[in-house]
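# Reading the structure
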Amino acid sequence: MKKLPIGLQTFSKIINENYIYIDKTKYALNLIEDYKYVFLSRPRRFGKSLFLDTLKNIFLGNKELFKGLGIYDKYNWEEKYPVIKIDWAGDFKTLESTKIVAKSILDRNKEILEVECNSEDIGVCFGEIIRNAYKKYQKRVVILIDEYDKPILDNMDNTTRAIENRDFLRSLYIQIKENDRYVKFAFLTGISKFSKASIFSGLNQIVDISLM
């Protein structure tokens, strides 16, 4: 009997360790084929992180994990892409602590992708990682952002801190628009609507699938 994947967010663990998996790969394939920038709003614990991890494994070409699933014989697994994953977890109570978390996230992506950035500015460094990953792998980059708004929402009791973090996130995320030609696909999740957060004004082609 298969086990229930309570609290699990890692696709490979669910597949390899005989947990129940509800196949959503046909929806993932539709998104990949039809859109470039996608946003999904859901409350926490609604499977957003697992879906992002599923997308990551698709773009990395981990075909063996998808045997028996809807996408298995419909996707070109030879097309593998560099993936930048931003998963907000940590202390966001000050702007400085938010920057420390962001730097740690970028350092982890640099290590995985085996690329570097020269700038000390976190936003500029993010843009360099996108471009350098494209140069190294000669493939456009996939960007996956989980809970894009967490550094803001964790400070809803302090308007000043929330605004500081919002402005910092805007300077980070603007790099996606500025490096559009190097981006294959981007998927962002969050709790608040991205339009209300006012940090994606430059990324006006993003498709909100929250109500689809």
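Residues numbered from 1 in each chain as written. Predicted model: local features only at pLDDT ≥ 70, side-chain atom pairs only at ≥ 80, totals over all residues. Heavy atoms only, no water.

A word on the state of the cysteines. If you walk through the whole model with that rule in mind, you get one disulfide. Two residues, Cys 117 and Cys 125, share a disulfide whose sulfurs are 2.0 Å apart. Judged by the sign of its S-S torsion, about -80 degrees, the bond between Cys 117 and Cys 125 is left-handed. Since its relative accessible area comes to 12%, Cys 117 is described here as buried. Residue Cys 125 is classed as buried on the basis of its relative accessible area, which comes to 6%. (Disulfide = S-S within 2.5 Å. Buried < 20%, exposed > 50% of the residue type's maximum accessible area, 1.4 Å probe, protein only.)

Packing of helix H4 (residues 95–113) against helix H5 (residues 122–137) brings their axes to within 11 Å, and their N-to-C directions diverge by 10 degrees. Judged on the interaxial angle alone, H5 and H4 are roughly parallel. In this structure, H4 uses Lys 99, Ala 102, Lys 103, Leu 106, Lys 110, Ile 112 and Leu 113 to contact H5, whose residues at the interface are Ile 122, Cys 125, Phe 126, Ile 129, Ala 133, Lys 136 and Tyr 137. Residue composition of the contact of H4 with H5, grouped by class: 10 nonpolar, no polar and four charged. (Axes fitted to C-alpha atoms, helices over the stretch in contact; angles between N-to-C directions. Helix = DSSP H or I, 4+ residues; strand = E, 2+ residues; numbered from the N terminus. Parallel < 35°, antiparallel > 145°, perpendicular 65-115°, else oblique. Contact = heavy atoms within 4.5 Å. Nonpolar A, V, L, I, M, F, W, Y, C, P; charged D, E, K, R; others polar.)

A surface patch of nonpolar side chains, about 300 Å² in accessible area, is lined by Leu 4, Ile 20 and Ile 22. Looking at where Leu 4 falls in the secondary structure, it is placed in the segment before helix H1 (11–16). Take Leu 4: its relative accessible area is 59%, and that puts it in the exposed class. (Patch = residues over 30% accessible without salt bridge, like charges linked within 9 Å, V, L, I, M, F, W, Y side chains within 5 Å. Areas by Shrake-Rupley, 256 points an atom, 1.4 Å probe, with all protein chains shown as cover. Salt bridge = Lys/Arg side-chain N within 4 Å of Asp/Glu carboxyl O.)

Turning to the packing of H5 against helix H7 (residues 159–178), a few remarks are in order. Between two packed helices, what matters for the description is the angle formed by their axes and the separation of those axes. Interhelical geometry of H5 versus H7 gives an angle of 20 degrees and a closest axis separation of 8 Å. Judged by the angle between their axes, H5 and H7 are roughly parallel. For the pair H5 and H7, the crossing hand works out as right-handed. Contacts between H5 and H7 pair Ile 122, Gly 123, Val 124, Phe 126, Gly 127, Ile 130 and Arg 131 from the former with Phe 168, Ser 171, Leu 172, Gln 175 and Ile 176 from the latter. (Left-handed = near helix turned anticlockwise from the far one by under 90°.)

Given two aromatic rings, their pairing is described by the distance between the two centres and the angle made by the two planes. For the structure shown, the criterion picks out 11 aromatic pairs. Over the ring of Tyr 72 we find Lys 63, and its NZ or CZ is 5.1 Å from the ring centre. Its end group placed over the ring of Tyr 137, Lys 136 keeps NZ or CZ at 5.6 Å from the ring centre. (Phe/Tyr/Trp six-rings, centres within 6.5 Å; stacked < 30°, edge-to-face > 60°. Lys NZ or Arg CZ within 6 Å of the ring centre and 35° of its normal.)

Strand order in the open sheet formed by five strands is E2-E3-E4-E1-E5, with parallel pairing between adjacent strands. The two strands at the open ends of the sheet, each matched to only one other strand, are strand E2 (83–87) and strand E5 (207–208). Note: strand E1 (residues 37–41) against strand E4 (residues 183–190), five bridges, orientation parallel. Opposite Phe 39, over in E4, you have Leu 188 as the bridge partner. (Pairing = 2+ DSSP bridges.)

When pLDDT is averaged along the protein, the result is 91, and 92% of the positions lie at 70 or above. Taken element by element, the protein is modelled with least confidence in helix H8 (residues 194–197), mean pLDDT 54, and with most confidence in H5, mean pLDDT 98. (pLDDT = per-residue confidence, 0-100.)

Here H4 is 19 residues long and its end C-alpha atoms lie 27 Å apart, about the 27 Å a rise of 1.5 Å per residue gives. Buried within H4 are the following residues: Ser 97, Thr 98, Val 101, Ala 102, Ile 105, Leu 106, Asn 109, Lys 110 and Leu 113. Among the structural elements, E2, H5, helix H6 (150–153) and H7 are those in contact with the buried residues of H4. Glu 114 lies just past H4 and shows a positive phi near 60 degrees. (Expected span 1.5 Å × (residues − 1).)

The next thing to look at is H7. Relative to the 28 Å expected for 20 residues at 1.5 Å per residue, H7 spans 28 Å between its end C-alpha atoms, a close match to the ideal helical length. For H7, the full list of buried residues reads Ala 162, Asn 165, Phe 168, Leu 169, Leu 172, Tyr 173, Gln 175 and Ile 176. In this structure, the buried side of H7 is in contact with E1, H4, H5, strand E3 (141–146), H6 and E4.

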